[in-house]
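# Results of the structural survey
Spelled out from the first residue to the last, the chains are:
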Amino acid sequence: HCVRVCMAASCQSSGAGAVLEGLRQHAKQDADGGVHVKPVGCMGLCSAGPLVSVDATETKTDVMYKDVTPDDTGDLYASLGGAPLERLRCPTDIPFFACQQRIVLKNSGIIDPEHLDDYIAAGGYSSLVRAVTELTPADVLREVKQSGLRGRGGGGYPAGLKWSTVAMSPEPHKFVICNADEGDPGAFMDRAVLESDPHRVLEGMALAGYAIGAEHAYVYIRAEYPLAVERLKKAIKQATKKGLLGRRISDTTFNFEIEIRLGAGAFVCGEETALMASIQGLRGQPRPRPPYPAEEGLWECPTLINNVETLANIPSILDRGGDWFKGIGTETSTGTKVFALAGRIANSGLIEVPMGIRLREIVEQIGGGIPDGRRFKAVQTGGPSGGCLPEQHLDMPVEYDTLRSAGSIMGSGGMIVMDETSSMVDVARYFMEFCMTESCGKCVPCRAGTVQMHGLLDKIAEGLATQADLDLLEELCDVVQATSLCGLGQTAPNPVLSTLRYFRHEYDEKLRPES
Ligand code: SF4
């Protein structure tokens, strides 16, 4: 038997470490039992952690257990080989699992993220080895272009186009950067991917390096993700030792070295020009674009920046082909998307779904609906740059362009569900406070505008504002959006604008008459 214990950050925080230890003790005492207790990454249903899964030996499918405590480990261990322990059983045929399609999370919750051999046994690094020994960089580039993959960090820029720009540059030095500075409130997709399957991201980076002609790369990751950092460091060491990273990969002439740079907690460092400044040891502030990083990036060399999820798709695209990937999702948004489901929803956690899925399916089926008999009010996508979508948009397909036309964005994948008790003015105020605090202060519209907008939202929320204040808020939204230097300021008004678009009555109800 193989017993897997989720040891990603969320299950660890609910006590998975003690569960793992308990099961290991039982296995130790039962040395002839042939039970292998294995720590694995995120299984997805974080709200029901600690999660344990037992492979299908007697049963047709794997058996999953939820809310496991150290006291349960004796019963759970004793049940191995017999009937599943019903009192802890978490059905795996529920829509939460059944409606997902896993590419990026394929190994998540199955392999031990700290064991390279586990990743290799699951087919890992085969795409890289095949690419460097049998394919040309142009072949790799062609597959990525063919896949239609768009950047998963939020912008949705076609990955193949970005890769081609860097690949075409005659400059001798180029860089690859993996942006793991995930900072949206409620978002934890990149953290989970790095904690659960770090080699997948490294393999994606190496394939990118091969395709564009770069030999040096950085993972820029926030220091607040200690477990992901630790696993990443271990993974780089293991892959280098095995000749899968570093010099002369698979005995070819291709060299690819990856270093880690820790972010110091500034949200704006997720913006690519600020991120590069930070890597170079400069103050993490954005600069105007153009020049774009693909033309002039790190130390003025062409630089490819992709986020964790984008890169994690690459090994599968190379393995199964761009056409296969293109066949998933919709015409303009291909493949799958990982979302972090949070807020007032029964099943919160990490999910991967095909693009084009209806929001309603995510909220009502996969998410299990709103708990405590309350009504759905809105779903917030895209973090501080995104917006809130009401009930009438629940049947909208999840695609880059449809979300944008409805006043939100795909963003990196944070999805916060709100019920009838949420005040949309408070939601807008919360996100504005976030942007105000995180503004780097380089340009006036954002530095001063976010403070002013937050003050007005405060006044409205407290019932002290008049119509003139609301008019001023709307005017400021337009100005800040149009004149800020980087994405943080340009999108800071989005939560206000989308809540005004769909929930204006909540603002109006709080206004007091002009005196
Ligand atoms: Fe800094 Fe805001 Fe200006 Fe961006 S928009 S450069 S975060 S002040």
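The rules behind the values
Residues numbered from 1 in each chain as written. Predicted model: local features only at pLDDT ≥ 70, side-chain atom pairs only at ≥ 80, totals over all residues. Heavy atoms only, no water. Buried < 20%, exposed > 50% of the residue type's maximum accessible area, 1.4 Å probe, protein only. Helix = DSSP H or I, 4+ residues; strand = E, 2+ residues; numbered from the N terminus. Pairing = 2+ DSSP bridges. Contact = heavy atoms within 4.5 Å. Axes fitted to C-alpha atoms, helices over the stretch in contact; angles between N-to-C directions. Near = heavy atom within 4 Å. Nonpolar A, V, L, I, M, F, W, Y, C, P; charged D, E, K, R; others polar. Right-handed = clockwise from strand over helix to strand, strands pointing away. Domains from an automatic or database assignment. Buried area = accessible area lost by both parts, 1.4 Å probe. Salt bridge = Lys/Arg side-chain N within 4 Å of Asp/Glu carboxyl O. Polar contact = N/O pair within 3.5 Å; in protein donor to acceptor, adjacent residues only side chain to side chain.

## Concerning helix α9 (residues 189-196)
A turn of α-helix holds 3.6 residues, and therefore any two residues three or four places apart point the same way. When you tally the buried positions in α9, you get 8 out of 8 residues, the bulk of the element. Where α9 is concerned, the buried positions are Met189, Asp190, Arg191, Ala192, Val193, Leu194, Glu195 and Ser196.

## Brief notes about the sheet that holds strand β1 (residues 2-6)
Pairing is mixed in the open sheet, where 5 strands are placed in the order β2-β1-β3-β4-β5. At either margin of the open sheet sits one strand with a lone partner, and together these are β2 (36-40) and β5 (89-90). Taken strand by strand, helix α2 (residues 16-29) contacts β1, β2 and β3 (52-54), and its axis lies near 165 degrees from that of β2.

## Describing the pairing of β1
Counting buried residues along β1, 5 of its 5 residues qualify, which places the element largely inside the surrounding structure. In β1, alternate side chains face the same way, and those of Cys2, Arg4 and Cys6 on one face and Val3 and Val5 on the other are all buried. Of the strand pairs in this sheet, β1 and β2 are connected by 5 bridges, and their pairing is parallel. Looking across to β2, one finds that Val3 is bridged to Val37. Taken together, the 3 bridges between β1 and β3 define a ladder with antiparallel strand orientation. Bridge pairing in β3 places Val3 opposite Val54.

## Quick look at the site of the ligand
Near the ligand you find 13 residues, and of these Cys440, Lys442, Cys443, Cys446 and Cys486 are the closest. A per-class count over the shell around the ligand returns 8 nonpolar, 4 polar and 1 charged.

## A short note on unusual backbone geometry
For the peptide bond that leads from Gly49 to Pro50, omega is -5 degrees, which places it in the cis range. Relative to the helices and strands, Pro50 is located in the loop between β2 and β3. Following Pro290, the chain continues into Pro291 via a peptide bond in cis, with omega recorded as 0 degrees. For Trp299, which is not glycine, the phi dihedral falls at a positive 45 degrees.

## Some thoughts on the pairing of strand β7 (residues 216-222)
Counting buried residues along β7, 6 of its 7 residues qualify, which places the element largely inside the surrounding structure. Relative to strand β8 (residues 257-263), β7 is paired through 7 bridges, and the arrangement is parallel. When the bridges of β8 are listed, Tyr220 appears paired with Arg261. This β-α-β element, β7 to helix α11 (residues 226-241) to β8, shows right-handed connectivity.

## Side note on the domain arrangement of the protein
Partitioning the protein into domains gives domain 1 (2-92), domain 2 (116-326), domain 3 (336-419) and domain 4 (424-508). Look at where the C-alpha atoms of domain 3 and domain 4 centre, and you get two points 22 Å apart. Taking both partners together, domain 3 and domain 4 bury about 1,200 Å²; carbon and sulfur atoms supply 64% of that area. Of all residues in domain 3, Lys377, Pro384 and Cys388 give up the largest surface area on contact with domain 4, accounting jointly for 43% of the area buried on that side. Our enumeration of links across domain 3 and domain 4 arrives at 1 salt bridge. Across the pair Lys377 and Glu506 runs a salt bridge, and its minimum N-O distance is 2.6 Å. Summed over the shared surface of domain 3 and domain 4, the result is 7 residue pairs in polar contact (both at pLDDT 80 or more). Of all the elements in the fold, those that place two or more residues in the side of domain 3 that touches domain 4 are β12 (376-381), β13 (387-390) and β14 (414-419).

## Examining the sheet that holds β13
If you trace the 5 strands from one edge of the open sheet to the other, you get β11-β10-β14-β12-β13, paired in mixed fashion. Edge positions in the open sheet fall to β11 (349-354) and β13, since each of these has one partner strand only. Across this sheet, the average inter-strand angle for adjacent strands is 30 degrees, counted without regard to direction. In this fold α9 packs onto β10 (336-343), β11 and β14, with an angle of close to 115 degrees to the strand it touches most, β10. Each of β10, β11, β12, β13 and β14 is contacted by helix α15 (residues 359-366), which is oriented at about 140 degrees to β11, the strand it contacts most.

## A few points about helix α7 (residues 137-147)
Looking at α7, one finds that the buried residues are Asp139, Val140, Leu141, Val144 and Ser147. The elements touched by buried residues of α7 are α6 (126-134), α8 (159-168), α10 (198-212), α13 (308-320) and α14 (322-326). Downstream of α7 by one or two residues, Gly148 has phi in the positive range, about 75 degrees.

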